[in-house]
Amino acid sequence: MNIESMIHLLPSAKALYIFLLATQHHDDASSTSTRRCFLDRSTSCAKFLLLNTLFPSSSASFAEDVATTTARTTSDPLYLARPVGISSNNDDEKNRPSAPTEYLLPATRVGLYIYQLLSIAEALAQIKKEDITPSSSSSSSNPSSAAELSLIARLDNLLVSSPPSFITSTDPTVTRGDPYNNMPPLLGEIAMQQQKQKERKEQLSITSNIGIAPQLFEVGELMGERRQWSRLVQAEKERERDSEIRRAFNIYTTNLNFNPNKYVYSGSREEKKKLIREDRLPSATEVIRSDLDARDLYRNEVQTKLDDARSEYLYQKRVGFEDANELVGLLKDAKVALDSWFDFIPDEDVKLALEAVKREQNR
């Protein structure tokens, strides 16, 4: 295929604009995007670029759908809500959810590990780049230097032969509280339904009692939710057994202290009134769940990119590291996801955790 025939396959400027619009990063006040919204935007972007490439005539109408989807997700009340932690002061704007420093140490060890891998991979890529002379298209004809062999040995040690452990015997563990207070089946659901009914009455100033039929229906729904929650917890425990990195992040997120009754809403007073009238103002529970969803997205990205980096390293090792930049790119992606995960954590807590881990390494 020649250059002229390939030009029409490139996405138009309009397509790229829609792509950037739908995948743009939000500021701190709106960083708690949900997994659903993230996938909505990503899927819409991919679909639009494909349509624009193969069926230019139909892409214009789809662009409107993408813009509508983007507007809907970015106007989601959860984008303007941020959970707060439990503290003695009343400054909710500065009071972010957190856990004691010892719960952050495993994830901090993972972070330093990623930074170390990236530094070594970048040094290796630079050496391979310098090895390639104008007269040769591959570095395979050049003998490996002592520095190159040393870097490869360090990568092999960290990624394959002796990867470090991120969790010590003295570290705390994953903690998952039972939302039903460990009460027996049915009794827990009834207690939960009564609590929800009480909260609704307080929020909406309702004085009359709700009929028995709606209450029984809600209890039935809660029974289904509890069964699903138990299955999800069991599945996550199995994934944690398979991945110490996943467990390291979960040790922190499952021990976060959230204020269950309040959150910070960064929208205007008019926007808040409008959401209240439309019965769309999120509850504190929904805001907390959205925050945890976002943290889990970045955790999953870190885990995926590290797994990909390990596979890429093994491939590059077989072919003589013809393109070490591929490994660098994957580790950079892991670093971006890692930094995004740590962005949720108070800066002072991150600083204390880094100092503690560095003291460990210097012993």
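Please read all numbers here as calculations on a predicted model, not as lab measurements.

(A) Representation of the side chain of S340 in the model. Note that S340 resides in helix 12 (residues 324-342). Looking at S340, its side chain comes within polar contact range of the main-chain oxygen of V336, at 3.0 Å.

(B) Broad picture of the environment of A248. With respect to the helices and strands, A248 occurs in helix 9 (residues 244-253). Residue class for A248 comes out buried when judged on its relative accessible area of 0%. Along the sequence, A248 and V110 sit 138 residues apart, while their C-alpha atoms lie 7.7 Å from each other. Setting aside residues up to four positions removed in sequence, A248 forms contacts with P106, A107, V110, F166 and I167.

(C) Summary view of the packing of aromatic side chains. Under the definition given, this model contains six aromatic pairs. Geometrically, the ring pair formed by Y113 and F166 is edge-to-face, given 5.1 Å between the ring centres and 65° between the ring planes. Residue Y113 is located in helix 5 (residues 105-131), and its partner F166 is located in the loop between helix 6 (146-161) and helix 7 (187-204); the two are separated by 53 residues in the primary sequence. No difference in accessibility class separates Y113 from F166, as the two residues are buried.

(D) Looking closely at a negative patch on the surface. Where like charges cluster on the molecular surface, the negative patch consists of D343, D347, E348 and E355. Topologically, E348 is positioned in helix 13 (residues 347-361). Using a relative accessible area of 47% as the deciding quantity, one classes E348 as partly exposed.

(E) Structural view of helix 13. Look at helix 13: 21 Å from first C-alpha to last across 15 residues, which is about the 21 Å you get at 1.5 Å a residue. Those residues of helix 13 that fall on the buried side of the exposure criterion are D349, V350, A353, A356 and V357. Angularly, the buried residues of helix 13 cover 130° about the axis, an arc narrow enough to put them on a single face. Projecting away from the buried face of helix 13 at angles above 90 degrees are the exposed residues D347 and R359. On its buried side, helix 13 packs onto helix 5, helix 9 and helix 12.

Calculation notes
Residues numbered from 1 in each chain as written. Predicted model: local features only at pLDDT ≥ 70, side-chain atom pairs only at ≥ 80, totals over all residues. Heavy atoms only, no water. Helix = DSSP H or I, 4+ residues; strand = E, 2+ residues; numbered from the N terminus. Polar contact = N/O pair within 3.5 Å; in protein donor to acceptor, adjacent residues only side chain to side chain. Buried < 20%, exposed > 50% of the residue type's maximum accessible area, 1.4 Å probe, protein only. Contact = heavy atoms within 4.5 Å. Phe/Tyr/Trp six-rings, centres within 6.5 Å; stacked < 30°, edge-to-face > 60°. Patch = residues over 30% accessible without salt bridge, like charges linked within 9 Å, V, L, I, M, F, W, Y side chains within 5 Å. Areas by Shrake-Rupley, 256 points an atom, 1.4 Å probe, with all protein chains shown as cover. Salt bridge = Lys/Arg side-chain N within 4 Å of Asp/Glu carboxyl O. Lys, Arg positive; Asp, Glu negative; His and termini not counted. Charge placed at Lys NZ, Arg CZ, Asp CG, Glu CD. Expected span 1.5 Å × (residues − 1). Arc of directions from axis to C-beta.

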